[in-house]
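Residues per chain, in single letters:
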Amino acid sequence: MTAAATETPALFAFGIAATRLAASGAMIDCYFPAPLRAPAPDLVRVITAHFAPGVSAVTPSALQAFLTDVGTRAPDSTAVLEPYAELASATTALHAVVLAEDAAISHTAEAYLKLHLLSHRLALPNTLDLSNLFTHLPNVAWTSEGAIAVAELPAAQHRARAAGRHLEVHAVDKFPRMTNYVVPSGVRIADASRIRLGAYLGEGTTVMHEGFINFNAAALGPNMVEGRISQGVVVGAHSDLGGSASTMGTLSGGGNIRITLGEHCLIGANAGTGIPLGDRCTIEAGLYITAGSRVRLIDADGQPAGEVKARELAGASDLLFLRNGLTGQIECRTNRRAIELNALLHAND
Amino acid sequence: MTAAATETPALFAFGIAATRLAASGAMIDCYFPAPLRAPAPDLVRVITAHFAPGVSAVTPSALQAFLTDVGTRAPDSTAVLEPYAELASATTALHAVVLAEDAAISHTAEAYLKLHLLSHRLALPNTLDLSNLFTHLPNVAWTSEGAIAVAELPAAQHRARAAGRHLEVHAVDKFPRMTNYVVPSGVRIADASRIRLGAYLGEGTTVMHEGFINFNAAALGPNMVEGRISQGVVVGAHSDLGGSASTMGTLSGGGNIRITLGEHCLIGANAGTGIPLGDRCTIEAGLYITAGSRVRLIDADGQPAGEVKARELAGASDLLFLRNGLTGQIECRTNRRAIELNALLHAND
Amino acid sequence: MTAAATETPALFAFGIAATRLAASGAMIDCYFPAPLRAPAPDLVRVITAHFAPGVSAVTPSALQAFLTDVGTRAPDSTAVLEPYAELASATTALHAVVLAEDAAISHTAEAYLKLHLLSHRLALPNTLDLSNLFTHLPNVAWTSEGAIAVAELPAAQHRARAAGRHLEVHAVDKFPRMTNYVVPSGVRIADASRIRLGAYLGEGTTVMHEGFINFNAAALGPNMVEGRISQGVVVGAHSDLGGSASTMGTLSGGGNIRITLGEHCLIGANAGTGIPLGDRCTIEAGLYITAGSRVRLIDADGQPAGEVKARELAGASDLLFLRNGLTGQIECRTNRRAIELNALLHAND
């Protein structure tokens, strides 16, 4: 517990998790009550005095000693660490994670800490090194009794049934649902099964039943989300996704196209986009724009202004995409009518 | 307990709820075992003798006294009030709601009572005064331990995790799911997370996994619902919504258009409508009709019969909407082939 | 317990279930830890010595006697029956089902056994006699306390609420969710509420949140499923369904068309098919092909090659379906570009 008063290297992130281990000893779940990014220097000194770099097992008494030390040596951090007080009497396993820098993931607990950083709004999508994420996230049965290793599930089910006890299996996935870890302030989530841990939901985000937000994807808020925000996609403020609206994921989009939506955009119900959009863009309900879609441009006077592939419009603002009902053409118009159409198509909450 | 034998003013609605209060004292959940609309005059006399107008706290013994009095003075109402017997031994808080008329909502318990009236089939959508509904419905974490105030959720989660106990957060929303309050007779609901309290499901309604019904929205039944019924939308008997079919909500539709579907309609999979439809209308799978869509009319002889905007067809019957695969035009045909198409597109259960 | 050493007739299927009965005595749920198809002859002899044909109630001690006898007389089957050991101390009801042949369903327990065979990968869709399935599957409330008869649900809800206990109703349906019965090896299921018991998920199948697989429907694996696999539909290896992609069910498709997808197909997001596809076929995001869709053929040189109705292309391979953005026509091209498009549209996990 020596403290080098100056020159303490900064930490990228820190957290202590209530963890669950499989019978095999494998870690299958980590819950960080209060993940920290770039903790203050005086707190860093206490952290590094108490915990080894990387991932290490922690006893409740060691956690209590750490918290006591924080109260003395880094009192400004007491409030932010208050959620850990509960864990000091934990009956479950505890692990500390001390990350000096944002490097490739090398442990399940590191993977969980990074997912927590995203959902706690401490990191935006596409800003963290998520290399090896899938490697270090085990596939887990998420049940009414918490995480169960997939290999141990059948026996657990047999026992429960024999005893007439109900064991609900909500999912079998590498990612748990976010709300079992954190509900960020100022959001509504109508069906929590559709938000993965690692999603970023900004203040004022409403996700309706048909909405979906993957890990490393964001609604910056405020937003009305009734469609799907794929991995890597970021949706700007005041942009809405209608029911079943689709955004193509960055992992899948022909080459290096990363989908983003600017502010005040609307993707109508059952519509979709394979190109990024700037601000104040609208895609009519039912129309899917892929990067390769051929599009007729219509200028502000309603006159034809040439043809392009949609990818040439990537990132532009004030576009209105429609399919003409009489010609079948995809038209891209300047956005004079966008406000009215927005009112027309606006997702109902 | 005096009874004015005649001239008792009628009541709009009445109910006694098992309620849950946050630590702050705020009401966060109300369960009415047997909401009543327009109770019989003799029952009204007993109600008004026992309970104040509006919302009031009730003790189990006061509830028991009320039920005893009903048995004596309004015996015809004993059966309908039978579900309340269980609450007379309740360990949870109880509140009575006595509404003289259908006025703007002024209390959480009133909001819940009106949502119950809809789901108990005691009121059709768009017939109740739902003013101030959102104001009086708090945002709540709906968990495996019931309603938890959003502000109290983190501490509850920390405690559960420290103890190794699983706390599932199903939703964070102003509206709970209907099935935790009432399952009306003769329905099937494949995924209950997609039906909000306040939805109206008529006898013979099947809602498949992709189906959704908002509050103040109805499937009058019988219906096969694999698509989304937005707030304010009413779907008539024998009309079906294919998978991901979309109906635009009344709050969003350009001006005052209220979407309804008549009887024997079909909206195909991945299709949608922004206009109300009469009877025996069909929209082909994958086609979205907005109010502004330009449509080619085709008469009963297969001849072109002019062009209209879809909104001009609002509410008409016997229409078949298709997009011609060779011209890209949206065509609206008389419905000679509708029966065959219906067979083709009909949602599979 | 006499054993006719030879000439024992084969059995179609066998299983012992932990069952739940309603207060009325009706069977409402059956869990088979280890359903068997075509058990080995020596095991058949033990089965038929212990259990009557059809469905019969079994005591734990009778189950134990059976297992003991298997150890002696059919020792090669001990391992496969090991999951039944837990039931030998069951406090719930037990029933044996012995089916000599695959005939029409005549009992709830038979229906459940056949659904188990499908989800345990012991039978492919469309290979079992499912006649009378709906007749013998009761509509059940699937709750956090397990199956509850619909008629008994209100009283259960009243009691739970009065006691301040939470009773979650996940569904009211004839089919339970598969994962509460079996999670086949090598799968991921992001939202278990969308996979019915009776679905067939092959090794390597990932079903994302928007994916859905009905009973008697299959993803043979490996597959990425973000769309809907309807009853009767089989999707071949390495074929993917984008978000909200739709496959028409066999019960609904104009006449006798049964939808299948071959290998290495892709149905893009918000797209759909009403015709079966061969191998290496792609449907562009947002495009719905119905059997009646008129399609322009484009040959390998990019030249027009005639017009057909989509049903004429049923089952063909190497087709790429697009809607031309400038003409609105549905085009079917030879598949030279399919690989690139596949990369473009490929569902993101």
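On a predicted model such as this, the values are computed, not experimentally measured, just so you know. (Residues numbered from 1 in each chain as written. Chains lettered and ligands numbered in written order. Predicted model: local features only at pLDDT ≥ 70, side-chain atom pairs only at ≥ 80, totals over all residues. Heavy atoms only, no water.)

**Some thoughts on the overall build of chain A**
Okay, so step 1: When helices and strands are counted, chain A shows seven helices and 27 strands.
Okay, so step 2: Considered along the principal axes of its C-alpha atoms, chain A spans approximately 75 × 60 × 35 Å.
Okay, so step 3: By the burial criterion, 62% of the 349 residues in chain A qualify as buried.
Okay, so step 4: Intrachain contacts of chain A at a sequence separation of at least 6 include 50% that bridge at least 24 residues.
Okay, so step 5: Within chain A, the 31 negative side-chain charges are centred at a point lying 7 Å from the centre of the 25 positive side-chain charges. (Helix = DSSP H or I, 4+ residues; strand = E, 2+ residues; numbered from the N terminus. Buried < 20%, exposed > 50% of the residue type's maximum accessible area, 1.4 Å probe, protein only. Contact = heavy atoms within 4.5 Å. Lys, Arg positive; Asp, Glu negative; His and termini not counted. Charge placed at Lys NZ, Arg CZ, Asp CG, Glu CD.)

**Re the relation of the copies chain A and chain B**
Okay, so step 1: Relative to chain B, chain A is turned by 120 degrees and slid 0.0 Å along the rotation axis, the superposed coordinates differing by an RMSD of 0.0 Å. Overall, the copies show the geometry of a three-fold rotation axis. Taking the C-alpha atom as reference, chain A places Gly-328 of chain A closest to the rotation axis, 2.3 Å from it. (Least-squares fit on C-alpha atoms with pLDDT ≥ 70 in both.)

**Some remarks on the pattern of salt bridges**
Okay, so step 1: This structure, assessed with the given rule, holds 39 salt bridges over all chains.
Okay, so step 2: Where Arg-333 of chain A meets Glu-331 of chain A, a salt bridge forms, and the shortest distance between an N and an O atom there is 2.7 Å.
Okay, so step 3: Residue classification places Arg-333 of chain A among the partly exposed residues on the basis of a relative accessible area of 25%.
Okay, so step 4: Of the charged contacts in the structure, one is a salt bridge between Arg-296 of chain B and Glu-307 of chain B, with a shortest N-O distance of 3.2 Å. Of this pair, Arg-296 of chain B sits in strand S24 (residues 294–298) while Glu-307 of chain B sits in strand S25 (residues 304–309), and the two are eleven residues apart along the sequence. (Salt bridge = Lys/Arg side-chain N within 4 Å of Asp/Glu carboxyl O.)

**Considering unusual backbone geometry**
Okay, so step 1: The peptide bond linking Gly-221 of chain A to Pro-222 of chain A adopts the cis configuration, its omega dihedral lying at -5 degrees.
Okay, so step 2: With respect to the helices, strands and loops of the structure, Pro-222 of chain A is situated in the loop between strand S13 (217–219) and strand S14 (223–225).

**Here we look at the side chain of Arg-194 of chain C**
Okay, so step 1: Considering the arrangement of structural elements, one finds Arg-194 of chain C in the loop between strand S9 (188–189) and strand S10 (199–201).
Okay, so step 2: With relative accessibility at 1%, the residue Arg-194 of chain C sits in the buried group.
Okay, so step 3: A polar contact of 3.3 Å, which involves the side chain of Arg-194 of chain C, links it to the backbone oxygen of His-209 of chain C.
Okay, so step 4: A polar atom in the side chain of Arg-194 of chain C sits 2.8 Å from the backbone oxygen of Gly-211 of chain C.
Okay, so step 5: With sequence-adjacent residues up to four places away left out, Arg-194 of chain C is seen in contact with His-209 and Glu-210 of chain B together with His-209, Glu-210, Gly-211, Phe-212, Ile-213 and Arg-228 of chain C. (Polar contact = N/O pair within 3.5 Å; in protein donor to acceptor, adjacent residues only side chain to side chain.)

**A look at helix H4 (residues 108–119) of chain A**
Residue and element names in this part refer to chain A.
Okay, so step 1: For H4, spanning twelve residues, the distance from its first C-alpha to its last is 17 Å, which sits close to the expected 16 Å at 1.5 Å a residue.
Okay, so step 2: By the burial criterion, the buried members of H4 are Thr-108, Ala-109, Glu-110, Ala-111, Tyr-112, Leu-113, Lys-114, Leu-115, His-116, Leu-117, Leu-118 and Ser-119.
Okay, so step 3: Arg-121 sits one or two positions beyond H4 and adopts a positive phi of about 65 degrees. (Expected span 1.5 Å × (residues − 1).)

**A short note on the confidence of the model for chain A**
All names here are of chain A.
Okay, so step 1: When pLDDT is averaged along chain A, the result is 92; 92% of the residues meet or exceed 70.
Okay, so step 2: pLDDT under 50 marks residues 251–255. Its contacts with residues more than four places away, or in other chains, come to twelve contacts.
Okay, so step 3: Note on residues 337–349: pLDDT is under 50 here. Beyond four places in sequence and across chains, it has 47 contacts.
Okay, so step 4: Across the interface, the model reports ipTM at 0.93; the global pTM reads 0.94. (pLDDT = per-residue confidence, 0-100.)

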